[in-house]
Amino acid sequence: MPEDSKNKQADLIPFNDNIPQMDSCSSQTNKLIELAQDDVCTLIDRCHDYPSDPYLFIDIVLTPQIIRTLIEIGPCQPGFNNNDYVFEENESGKKFSSKWYYKDVKSGMSCKRNWLVYSPKANKMFCFPCFLFRSVSQHSYQWSKPNKGVTNFRKGYEKIIKHEKSKDHREAENEYLILKSRISKDITIQHNLIKVQKSQIEFNRSVLKRLIDLSLFLSTNGLPFRGHREDINQDTQNKGLFIEIVKLVSKYDAVLAKHLAESNQNEIYLSPKIQNDILKCMADETLHTILIDVKQAKYFTIIVDSTIDIGRIDQFSFSLRFVDQQGDIREHFLCFEELPNATANDYFVIIKKLMEEYKLDISLCRGQAYDGANTMSGRFSGLQSKIKDVSPLALYIHCCAHNLNLVLIDSIRSCVNAISFFGILEALYTFITNSLPRLKIFEEEQKKIDGLVPTLKQLSETRWASHKRAVDSVYINLPAIVTSLKRISDGELPNIKLKSISEAQGLLIQIMNFKFSFLLVLWKNILGKVNILSNYLQNSKIDLITAHDMVSTCFLDISSLRNEEHFLKIKYNATELCGQFRGNNNFEQGRIRTKKKIHGKNNLENIIESADENFKCNTYFVILDSFTNTLKHRFEDFSNIVQKFEVLNPKKMSKENIDENIISIQNLSKFYNVDVDEVDIEVEYRSFCLVYHQVHNEIEPLKLNEVLKFMISRDMVSSYPNLYTLYKIFYTLPVSSATAERSFSRLKLLKTYLRSTMTEDRLSNLAILSIESNLAQTINFNKVISTFASMKKRRKLL
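The rules behind the values
Every chain's residues receive numbers from 1 upward, in the order its sequence appears when written. Residue-level local features of this predicted model are given only where pLDDT is at least 70; pairs of side-chain atoms are given and counted only at 80 or more, and the full residue set underlies all totals for whole chains, interfaces and linings. Side-chain metrics in this entry use all non-hydrogen atoms of the structure; hydrogen atoms and water are not considered. Each helix corresponds to a stretch of at least 4 residues labelled H or I by DSSP, and each strand to a stretch of at least 2 residues labelled E; elements are numbered beginning at the N terminus. Residue burial is assigned from relative accessible area. The probe radius is 1.4 Å, only protein chains are included, and a residue is buried under 20% of its type maximum, exposed over 50%, and partly exposed in between. Whether two residues touch is decided by their heavy atoms; if any such pair falls within 4.5 Å, the residues are in contact. All accessible areas in this document rest on Shrake-Rupley with a 1.4 Å probe, and a residue is counted as covered only by the protein chains that are shown. Every residue carries a pLDDT, the predictor's confidence in it, which falls somewhere between 0 and 100. The term salt bridge refers to a pairing of a side-chain nitrogen on Lys or Arg with a carboxyl oxygen on Asp or Glu at a separation within 4 Å. The way it works is a 1 Å grid over only the protein atoms, where trapped points that fit a 1.4 Å probe form a cavity and open points with protein on both sides within 12 Å along at least five of seven lines form a pocket, and then any residue with an atom within 4 Å of a point lines it. Grid points are joined across faces, edges and corners, and a volume is the space filled by probe spheres set on the points. Each residue receives one of three labels: charged for Asp, Glu, Lys and Arg, nonpolar for Ala, Val, Leu, Ile, Met, Phe, Trp, Tyr, Cys and Pro, and polar for the others, Gly being one of them. For two strands to count as paired, DSSP must find a minimum of two bridges between them. Axis definition: a line fitted to C-alpha atoms, over the contacting stretch in the case of helices. Angles run 0 to 180 degrees between N-to-C directions. Each Phe, Tyr or Trp ring (for Trp, its six-membered ring) is paired with any other whose centre lies within 6.5 Å, and the angle between the two planes then decides the class: stacked below 30 degrees, edge-to-face above 60, tilted in between. Working rule: Lys NZ or Arg CZ, within 6 Å of ring centre, within 35 degrees of ring normal, means a charge sits over the ring.

S.K.: So what exactly am I meant to see when it comes to the overall build of the protein here?
M.R.: Helix and strand counts for the protein stand at 32 helices and eleven strands. For the protein, with 798 residues in total, the buried portion stands at 50%. Of all intrachain contacts in the protein linking residues separated by at least 6 positions in sequence, the fraction that spans at least 24 positions is 69%. Surface exposure of the protein reaches about 40900 Å², of which carbon and sulfur atoms provide 49%.

Written as C-alpha cells, this is what we have:
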C-alpha cells in the first residue's frame, strides 16, 4: 500500500488504541464504546499490510462497528494511487490485466472503480460494498463472500460490467456511499464521542507530561518533593517543592491552570502515590535503556558495596561495567537494595535476585569489583568465591583506589613521628575551628596572605583526598597559624580559659619544631603524587594496563625520593618555610637511649649521634620504605591479573616479540576457552599485528584504549572475532569500585534527616534518576505515560 494510504489508515482507525472509559460520558455509552473496542481490536489486525483484505474476514460476522472501521480504512486496492492495476481494452478485444482502471483505447476515456477490491492473500476480486453489506442473491454471492471471490481474470471485465449494473450491487453501493458520507461529515454519534475522547486524552497527556517533567527536574537534582502538608487547597506554608512549583507554573501555563481548576480532588494527580508511580515509570524507563546496552554488550562486571544510611539501614549498591557497541567503557548504577545482614550469603542472594529480575545471565559476568573486606574478598567463603562458583571466569579485583588509600594509611602509621605529625594536624583543626573567637583571630591573620587561601581541612581515613587537603591547607596557612597561636597564648582573647592558653602553647611548641616543617614538606610531595594517581584510578573509563602503568610510575616516583639529594632538597624547602615565621631550622637531637648491656653477649651498638642522620634513618627512610613496600605487596594480585593481558597492549606488538606474544595469547585464550576459539586466535593475532605495524608506520601508534574503536570503525570485527572478544573482556574488567562510592555520596543527599523514613522503592527510583541524570533526561515521555496508564485503572483517560 502506498505511504499516503498507510498514514491515512493509521489516522482513521479509532478503536485500536487501548483507551480507558470516559469520565464525561454515561455508563451506557461507555459500555457501547468498550464493546466496539473489543470487537475491532480482536478482529482487525492493525499490523497487517492490508487490514481490509476480505479474505481475512472468513467466518467473521461484520458488526456495525467493524463495518464502520473498514469504511474508514478504505477498500483493499494495492497500488491504486500508482495506477499499477488497470483494466484495459485493446483493438483485439477486452482484456483484463489486473489494474484498477478501465481504459477505452478508441475513446481514450478511463475511469476508476472505487468499489473494486483485490485480495493479495487469496488472489481474488471482490466488491467492497457487497462484501460489507453481504447481499445474499445468487448474482452477488461470488462478489460478496470472502471464501468465494472472482478468480476468472480473463473474463474479468465482462464480470465487472455485469456486476456493476446489477440491482444488488447498486443497493449495497447506496448504503456504502450514505454511511461513508455520514462518517466523513462527523454525523455519527460514535465518531463525535471518539473525537471528544481523543481531545480529552490529549489534554490529560499534556498535563501528565508537565508533571513528569517537573518530577524529573526534582529527582535529577536530588531535591525533596514533599512538605509538611501537601493538600493544595489548604492554606499552609510548607506544601513541598512539588506542589509549590505546580502552583507557580499554573500561573503562566493555561493547561495546568485548567487542570487544577476543573479536576476533582481525587483526579488531580498530585498525591504522593502518584509521585511514586511517576518516579517508578521514569526509573524503569532509564533502567530499561541501560539493560538493553548491557545485553547487547554480552559481558559485564558487577560493582558492589554497602553502607549504612541515616535511617540505620544497610544499603546495598549495585552497578555494572560493560563495553557498548561503539567500544566505549561504561559504568552505570542500577539500584539500592536493603541488606538484612552484611554476610557474603546475603550479598550473593541479592545479586542472584537482581540477575533474575533484570534477565541477565550471571555466567557472562567477567569481573568483580569490591573493597578489601573479608565478607567481599574472602577466597573461600567471601562473595567473590560464591560468584566464581556460578561464573568461574569472573575475576575478582580489589578496588585500586581503596588499595592505594590503605597503602597511604599504612605509611602514616609506620613511625612515631608520622603518627604525631597527623595528630598535630587534627589537633590544629579542632582547636581553631571549635571556637568562634579563635577562628576569627585565624581569619584575621589569614587575610594578610596574598591570593586565594583555603581553610583548614579535617582528616578522614575514608575520604581519599582528605590527607592531601589537610596538609596543603596547613602548608599555605602555617605563618597565619603560628601568629594566631601566639596571640591566643598571650591571652589576647577576653575571658579565655587557662586550658585554651595551655593548648595553644603546646601546639605552638610542636609547630615551631623543625621536624614538623620537614614532614609538612615531605608529605606535601608524597600526597601530591598519590592524589594524582588516586583521582586517575577513580575514572570509569580507565583500563587495567593503564592503571598498572600509573601505579608503577607512582612507585618509581616515591622510590626516587629515597636518597641524600632529595633529603637535603626537602630540608632546604622546610628551612625556607620556617623562615616565614622564624621557626627552628635544624633538627633537635633528643636524648640518646642506650640498651642495657647483658654480660656474655655482643653489646656493640651503632649509635647515630647526628640529629639529621637520626631523623633521616628513623623517620624519612622508614616512611618511604613503608609506602613502597606496602604498595608493592598490596598490588601484587592486581599485577598478576594485568600480566595475563599485557599481550593485548599495542606497545608489545613488536616483530621481535611475536613468538613470545603468541604463547601469551594462547594462554589467555585457554583461560577464556568458553568465549574464544584457541585454534583461530593465533592466526588472528598475527594478522592484526601486521595491520597494526602498517598503521604505526603511517600514522601514530595506537593507544590501548583506542584498539577496540579502531577495530569497530574499520569493520574488523568480523575478521578478528576472537581478538575482538578478548579486547571486550579486557575493557570490561574493573579497576575500582568508585561508582559504588559515588552512589553513596548521592545517597547522603537523597536520604537526609528530614527524609529518613523514605521507602526503599522510592529511594532506589530517585537514586537512579539522580545518578544517571544524563540518561534520564533522554527518556521518552510518551512511553512513561503509557507505562503509567497500564500500572492500574486510572480515573482519567491517558
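S.K.: Is there a simple way to explain the confidence of the model for the protein in this structure?
M.R.: Low pLDDT marks stretches whose predicted atomic positions should not be read closely. The pLDDT averaged across the protein works out to 82; a share of 84% of its residues lies at or above 70. Least confident of the elements in the protein is helix α1 (residues 3-12), whose mean pLDDT is 34; most confident is strand β8 (residues 314-323), at 94. In this model, residues 1-39 is a region of pLDDT below 50 whose contacts with residues beyond four sequence positions or in other chains number 59 contacts. The low-confidence segment residues 82-110 (pLDDT under 50) makes 70 contacts with residues lying over four places distant or belonging to another chain.

S.K.: Please explain the pattern of salt bridges as it appears in this structure.
M.R.: Opposite charge on two side chains lets them pair, provided their charged atoms get close. Counting across every chain of the model gives 23 salt bridges. Note that Asp 309 and Lys 751 form a salt bridge whose closest N and O atoms lie 2.9 Å from each other. Of the two residues, Asp 309 sits in the loop between β7 (300-308) and β8 while Lys 751 sits in the loop between α29 (738-750) and α30 (760-771), which places them 442 residues apart along the sequence. A relative accessible area of 3% means that Lys 751 is categorised as buried. Residues joined in a network through salt bridges with shared partners are Glu 444, Glu 445, Lys 448, Arg 487 and Glu 492.

S.K.: Would you mind going over empty space enclosed by the protein with me for this structure?
M.R.: By rolling a water-sized probe across the atoms, one finds the places where empty space is left. Under the definition given, this model contains five cavities of 30 Å³ or more. Roughly 80 Å³ of internal volume is contained in the largest cavity. Around the largest cavity, the lining residues are Ala 401, Leu 404, Asn 405, Leu 408, Trp 464, His 467, Lys 468, Leu 527, Val 530, Asn 531 and Ser 534. If you list the elements that add at least two residues to the lining of the largest cavity, you get α15 (400-412), α18 (466-489) and α20 (514-537). Residue composition of the lining of the largest cavity, by class: six nonpolar, four polar and one charged. Around the second largest cavity, the lining residues are Arg 321, Glu 331, Leu 537, Gln 538, Asn 539, Ser 540, Ile 542, Val 735, Ser 736, Ala 738, Thr 739 and Arg 742. Of the residues that constitute the lining of the second largest cavity, the class distribution is four nonpolar, five polar and three charged.

S.K.: Just to check I follow, could you spell out the sheet that holds β8 for this structure?
M.R.: Each strand in a sheet pairs with its neighbour through backbone hydrogen bonds, running either in the same direction (parallel) or in the opposite one (antiparallel). As summarised here, the arrangement of the five strands in space is β9-β8-β7-β10-β11, forming an open sheet in which the pairing is mixed. Looking along the sheet, the strands with just one partner apiece sit at the ends: β9 (329-338) and β11 (395-398). With direction set aside, neighbouring strand axes in the sheet form an average angle of 25°. Two elements, β8 and β9, share nine bridges in a ladder whose sense is antiparallel. Among the inter-strand pairings, Val 323 is bridged to a residue of β9, identified as Ile 329. Those strands touched by helix α28 (residues 721-732) are β7, β8, β9 and β10 (365-370), and its axis lies near 150° from that of β8. Across the sheet, α30 lies against β8 and β9, angled at about 165° from β9, the strand it touches most.

S.K.: Sorry, what's going on with the layout of surface pockets here?
M.R.: Here the largest pocket defines a volume of roughly 960 Å³. The wall of the largest pocket is formed by 36 residues, among which Ser 460, Thr 462, Arg 463, Trp 464 and Glu 741 lie closest to the centre. Elements with a minimum of two residues in the lining of the largest pocket: β7, α13 (374-377), α15, α18, α20 and α29. The greatest single-element share of the lining of the largest pocket, amounting to six residues, is contributed by α29. In the lining of the largest pocket, the residues fall into twelve nonpolar, 15 polar and nine charged.

S.K.: Any chance you could explain the environment of Leu 425 here in plain terms?
M.R.: Within the secondary structure, Leu 425 sits in helix α16 (residues 416-433). By relative accessible area, which is 3% here, Leu 425 ends up buried. Placed 46 residues apart in sequence, Leu 425 and Val 471 show a C-alpha to C-alpha distance of 7.7 Å. Those residues in contact with Leu 425, other than ones at most four positions away along the chain, are Leu 459, Val 471, Val 474 and Phe 516.

S.K.: Where do I start with the environment of Ser 552 in this structure?
M.R.: Tracing the sequence through the fold places Ser 552 in helix α21 (residues 544-559). Residue classification places Ser 552 among the partly exposed residues on the basis of a relative accessible area of 28%. Between the alpha carbons of Ser 552 and Ser 639 there is a distance of 9.8 Å; along the sequence they are 87 residues apart.

S.K.: What's the story with the packing of aromatic side chains in this structure? I'm lost.
M.R.: One pair of aromatic rings is described through two measures. These are the centre distance and the angle between the planes. Tallied over the entire structure, the rule returns 25 aromatic pairs. Relative to Tyr 720, the ring of Phe 688 lies with its centre 5.6 Å away and its plane at 80°, an arrangement referred to as edge-to-face. With Phe 688 in helix α26 (residues 678-698) and Tyr 720 in the loop between α27 (707-713) and α28, this pair connects stretches of sequence that are 32 residues apart. Under the relative-accessibility criterion, Tyr 720 is labelled buried at 7%. Following the ring pairs from residue to residue traces out a cluster consisting of Phe 645, Phe 671, Tyr 672, Phe 688, Phe 710, Tyr 720, Tyr 727, Phe 730 and Tyr 731. Directly above the ring of Tyr 475 sits Lys 524, whose terminal nitrogen or CZ lies 5.1 Å from the centroid. The side chain of Arg 762 reaches across the aromatic face of Phe 225, ending 5.2 Å from its centre.

S.K.: How should unusual backbone geometry be read in this particular structure?
M.R.: The phi angle of most residues is negative, glycine excepted, and most peptide bonds adopt the trans form. The residue Arg 312 is not glycine, and still its phi comes out positive at about 60°. Note that Arg 312 resides in the loop between β7 and β8. The residue Asp 715 is not glycine, and still its phi comes out positive at about 55°. As for its position among the elements, Asp 715 is in the loop between α27 and α28. For Asp 715, a relative accessible area of 64% gives the class exposed.

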